[in-house]
Number of protein chains: 2
Amino acid sequence: MTESVLDYMTRLGRAARAAARVIARASTGQKNRALLATATALDAAREQLVAANELDLAAGRANNLEPALLERLTLTPARIDSMIVGLRQVAALPDPVGAIRDMSYRPSGIQVGKMRVPLGVVGIIYESRPNVTIDAASLCLKSGNATILRGGSEAIHSNRAIATCIAQGLEAAQLPASVVQVVETTDRAAVGALITMPEYVDIIVPRGGKGLIERVSRDARVPVIKHLDGICHVYVSANAELDKAQRIAFNAKTYRYGICGAMETLLVDASVAARFLPPMAAQFREKGVELRGCPRTRDLIEALPATEDDWHTEYLAPILSIRVVDSLDEAIEHINHYGSHHTDAIVTEHQGQARRFMAEVDSASVMLNAPTCFADGFEYGLGAEIGISTDKIHARGPVGLEGLTCEKYVVVGDGQLRGQESI
Amino acid sequence: MTESVLDYMTRLGRAARAAARVIARASTGQKNRALLATATALDAAREQLVAANELDLAAGRANNLEPALLERLTLTPARIDSMIVGLRQVAALPDPVGAIRDMSYRPSGIQVGKMRVPLGVVGIIYESRPNVTIDAASLCLKSGNATILRGGSEAIHSNRAIATCIAQGLEAAQLPASVVQVVETTDRAAVGALITMPEYVDIIVPRGGKGLIERVSRDARVPVIKHLDGICHVYVSANAELDKAQRIAFNAKTYRYGICGAMETLLVDASVAARFLPPMAAQFREKGVELRGCPRTRDLIEALPATEDDWHTEYLAPILSIRVVDSLDEAIEHINHYGSHHTDAIVTEHQGQARRFMAEVDSASVMLNAPTCFADGFEYGLGAEIGISTDKIHARGPVGLEGLTCEKYVVVGDGQLRGQESI
C-alpha cells in the first residue's frame, strides 16, 4: 500500500514542525557549523552532483525542454562553487534570532521590549534552478526556521543529491535531518498540500515565473511572500542635473534587462524634455534599446508610438517606454497608477520635490538620484535575499534573514501586578 | 433601480483607495485637527447620539437581543466621554508615518534605509459596540490610512450618528469624507465583499467573538490581523519565590476574568508544588475560583479532575486548570502544545531558566515574573490598540499605530551607478 501525497506531505509537515522547535533554539555557532559542513559536503560531492544533474539533463533533453530551461537546470562547476561561497557568506552573516530591542520601563514598573524569533516552518516552491535549494535552505536555517523545499520535477535528481549534502551538514552539527526536507515526489499535488497546511507551514516563498506565483498566491491558505511585476520608473524632474539623469536612466535600463529592478518606463518633465531626450535617445539607440513614446515624446525624438498597454508592461528586454509629464504630481500619479509598487526613482536636486516623491510614491523602494537596478538584497546590505516582496504586509522589498523572522514581546517584571499601584 | 451590495462596496472601495492617497500625505497637524474636531463634534451631538442609540436599543429589545448584547450596544454618557477622551489621546500620540531608520552608506555609495508608511485602506469588521467606530477610525486616521467600517447591524443608527461626527471632524481639517466610511447597508453580503477586494482593501481587522474572526479569516482574500484564543499560562518554577509567585498567579487570574490575557492554566513545578499549592488554592477558593487539577494536583489540594479538554480551554471565567510538571522542559512543551501562542509567564529567580523560557516559548508575549493580564496595548506603551494579534506575520501581540503601517526602502544617491566602481 503506497502513501497518498497528502499523507506524505502531512508527514513532512509534522516533522518540520517538530524540527522547527529544535532549530529555533539552536545556537548561532551550531547553525554556522551546519552551514559550513554543508559547504564541505558539497565540495566533496562534486562528482555525484554532476552525475545526478546529468540524469536530470538527459531526461530534460528527452522531454524536449527549452534550451533556456536546460541552461538554468545545469550544475556547472562554477555554480557548485557559488553554492559553496553562498553557504560561507550566510554563515558569516549576523544571526538575527534573539535580538532584543526597545526594552523600556513602563509606569507600572514592568519592562517591555521585543525579541526577534524565527517564523517556524518556511515552504519554498521553485522551478528548475537547483542552486535555489542551497540558497533558500541556508537562509532559512540561519534564521532558525525549518524548511520544506519543493523544487521543479525536472531537477529532482539534482535536488536529492544536494539534499544529501545538507543532511550531512545538519548531522555534523547534531541537528535533526528534518530541519531541511526536500519533497521527494514530483506529483503536483504536493504543492497544493504544502500551501494549504497552516498548521504545519507558517509562510510560503514561491520563487519563479509569474504564473507560478499567481497560482500559489491564489490557492494558498498560508501567508505568501510574493513578488509579482517589476514595472519600475525613473522620473527626470524639472530640477534634475541632466547629465546625471542620463547616466542614471541609462544604467537603470541597461545594467541588466532581465532583472526586476530594470527601468521599464522613463518619465521626463516637460520643462527639460527638449534638452534631455535627444541625447538620451541617441545613447539608448546606440545600445540597441527600442524606444516607445507618448505623442509629446515623439515630437522630440524618433520612437514607436506607446500604447496604453506599454505603461502596464514589464518588458524585461531592451525596450523602453517614455512619457513626457507636466509636473511632479503627474509623475507620482502615473507611477502609483501604472507601476507595480516595486522600485521607482526621481532624479532631482530640488529638496522639496525629492521629499514629496519619497513620501508619496507607494513602492517597496523609492530612490533619489540612483538607478532602480540597485533594488537588490546584496546592494541593500542584507547579505543575501530569499526574494523581493511587492506586498505591504510583513516584508516589503528585498527580503533577507529578517524577513524570515518576526518579533514577540518580552515583558520582565519583579512581581508587579496589574491594577495596583505598588506590590 | 437599486445598487447591488457588490456595486455599493466597490464604490466604497474605490473612494477609500483615492482617499488613502490624500490621508497618507496629510501632515500630523492636519490629522490631529480632524481627531480633535471629531471630539468636539461628538461632544456637541450628545443628544443626537443618545437618540440614535435609543432607536437601536428599541429595535434590539423588539428583537429580543440578549441583555449582555443590549448592554454592549448602549451609548451611556460615560461611554461618549470615553470616546472623546480616546480621540484626544490618539491625537497626542506620536505620528509613526514618515519615520526613517537605519539610513546607512553602502559600499556602492548609495544610502539605504527604511521609511514607515501607511498600509493604505483598512477594513474593520465588528459587532455591537458602537464605540469601536471611534476607536478604530481614530487609530487608522492617525496612522494615515483610509478606513471602511462595518459594524453590527444592531448598531446601525448609532454608527451612522457617530459617522456624522467623524465627517464633521474631517471637514474641519479639510480632509475628504471618504477617509472614514461607514458601511450603510446591514446586508451581510457587505462583509463578504469587503474581505475579498484586495484591489481596494489592504488589511482587515475583525473585532468581536471567535465565530466572527474564524469566518472572516477563512473567507478573506485580504490579509487579516486576527486574534483567536487567549489560553495563557503561568509557570511557577522550581526557583520561584513562592509568595511573589502566588501574588502574580492570583493577579493573572483575577484581575479580570474576561480579558484575553487572563491566566487559564497554572503550571507548578513538582519540586515546589507541595508548598505552593495549598495556600494558593485557599486564596483562589476564597475568591470563588473553581479549580480543576491533574492527579498530582489533586493529591495536594481539593480540585475537580481536569480533563484533556481543560488544557485546551479559554474559560474567560472564574475557573482555573492546574497541572504539576516535572521540569522547565515539560512546562515549555505543555505551553507550546496546548497554549494559543498569546501570552505566557514564568515565575523564577533563576537566570538560566528565565532565558530559556523567554526564548523557547512560542507566544506573542513571554513574561518573566509578571502576570499575563499585563498583555495590553496601553500597558505596553502603544498608547492604544486596534487589537491583539496571535499571528506571526506582520503584527504579533498588541497592535497599535505601528501595526497599521509598513516600511518601504528609501535609497538616496548622487548619481551612483550599479556595476561601476566610480561615477
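What counts, and at which threshold
- Residues numbered from 1 in each chain as written.
- Chains lettered and ligands numbered in written order.
- Predicted model: local features only at pLDDT ≥ 70, side-chain atom pairs only at ≥ 80, totals over all residues.
- Least-squares fit on C-alpha atoms with pLDDT ≥ 70 in both.
- Contact = placed C-beta atoms within 7 Å.
- Buried ≥ 20, exposed ≤ 12 C-beta atoms within 10 Å, placed from the backbone.
- Helix = DSSP H or I, 4+ residues; strand = E, 2+ residues; numbered from the N terminus.
- Right-handed = clockwise from strand over helix to strand, strands pointing away.
- Pairing = 2+ DSSP bridges.
- Core = buried A, V, L, I, M, F, W, Y, C linked by C-beta atoms within 7 Å.
- Nonpolar A, V, L, I, M, F, W, Y, C, P; charged D, E, K, R; others polar.
- Domains from an automatic or database assignment.
- Expected span 1.5 Å × (residues − 1).

Caption draft 1: Structural context of the relation of the copies chain A and chain B. Each copy superposes on the other: chain A lies on chain B with an RMSD of 0.0 Å after a rotation of 180° and an axial shift of 0.0 Å. Here the transformation between the copies is reduced to the relation of a two-fold axis. No C-alpha of chain A lies nearer the rotation axis than that of histidine 394 of chain A, which sits 1.9 Å from it. The share of interface residues of chain A whose copies in chain B are also at the interface is 100%, consistent with both copies meeting through the same surface.

Caption draft 2: Focus on the pairing of strand β3 (residues 121-126) of chain A. Residue and element names in this part refer to chain A. Where burial is concerned, most of β3 is hidden: six out of the six residues are buried. Of the two faces of β3, the one holding Val121, Gly123 and Ile125 and the one holding Val122, Ile124 and Tyr126 are both buried throughout. Traced from β3 through helix α6 (residues 131-142) to strand β4 (residues 146-150), the parallel crossover comes out right-handed. Two elements, β3 and strand β6 (residues 203-207), share five bridges in a ladder whose sense is parallel. Each bridged residue has a counterpart across the sheet, and for glycine 123 the counterpart in β6 is isoleucine 204.

Caption draft 3: Representation of the nonpolar core in the model. Ranked by internal contacts, the top residues of the largest apolar core, which has 268 residues, are Leu194, Ile204 and Val234 of chain A together with Leu194, Ile204 and Val234 of chain B. Leave out the neighbours within four places in its chain, and isoleucine 204 of chain A touches Gly123, Ile125, Ile195, Val216, Ala220, Val222 and Val224 of chain A.

Caption draft 4: Geometry of the interface of chain A and chain B. If you look at the interface, chain A gives 53 residues, while chain B gives 53 residues. For the side of chain A that touches chain B, the secondary structure elements donating two or more residues are β2 (111-118), α10 (242-254), α15 (351-360), β13 (365-368) and β16 (405-412) of chain A. Classifying every residue of the side of chain A that touches chain B gives 26 nonpolar, 14 polar and 13 charged. When β13 of chain A meets strand β16 (residues 405-412) of chain B, the two strands line up parallel, connected through four bridges. Of the residues in β16 of chain B, the one forming a bridge with valine 366 of chain A is valine 410 of chain B.

Caption draft 5: Highlighting the environment of aspartate 102 of chain B. Residue and element names in this part refer to chain B. Tracing the sequence through the fold places aspartate 102 in strand β1 (residues 100-105). Spatially, the C-alpha atoms of aspartate 102 and glutamate 3 are 49 Å apart, while their sequence positions differ by 99 residues. Ignoring anything within four residues of it in the chain, the contact list for aspartate 102 reads Gly113 and Lys114.

Caption draft 6: Looking closely at the domain arrangement of chain A. As assigned here, chain A comprises domain 1 (5-225 + 398-410) and domain 2 (232-374). Domain 1 of chain A and domain 2 of chain A are separated by 36 Å when their C-alpha centres are compared.

Caption draft 7: Fine view of helix α6 (residues 131-142) of chain B. Residues and elements named next belong to chain B. An ideal rise of 1.5 Å per residue puts 16 Å on 12 residues; α6 measures up with 17 Å between its terminal C-alpha atoms. In terms of burial, α6 is largely enclosed, as 11 of its 12 residues are buried. Where α6 is concerned, the buried positions are Val132, Thr133, Ile134, Asp135, Ala136, Ala137, Ser138, Leu139, Cys140, Leu141 and Lys142. A positive phi of about 80° marks glycine 144, the residue just after α6.

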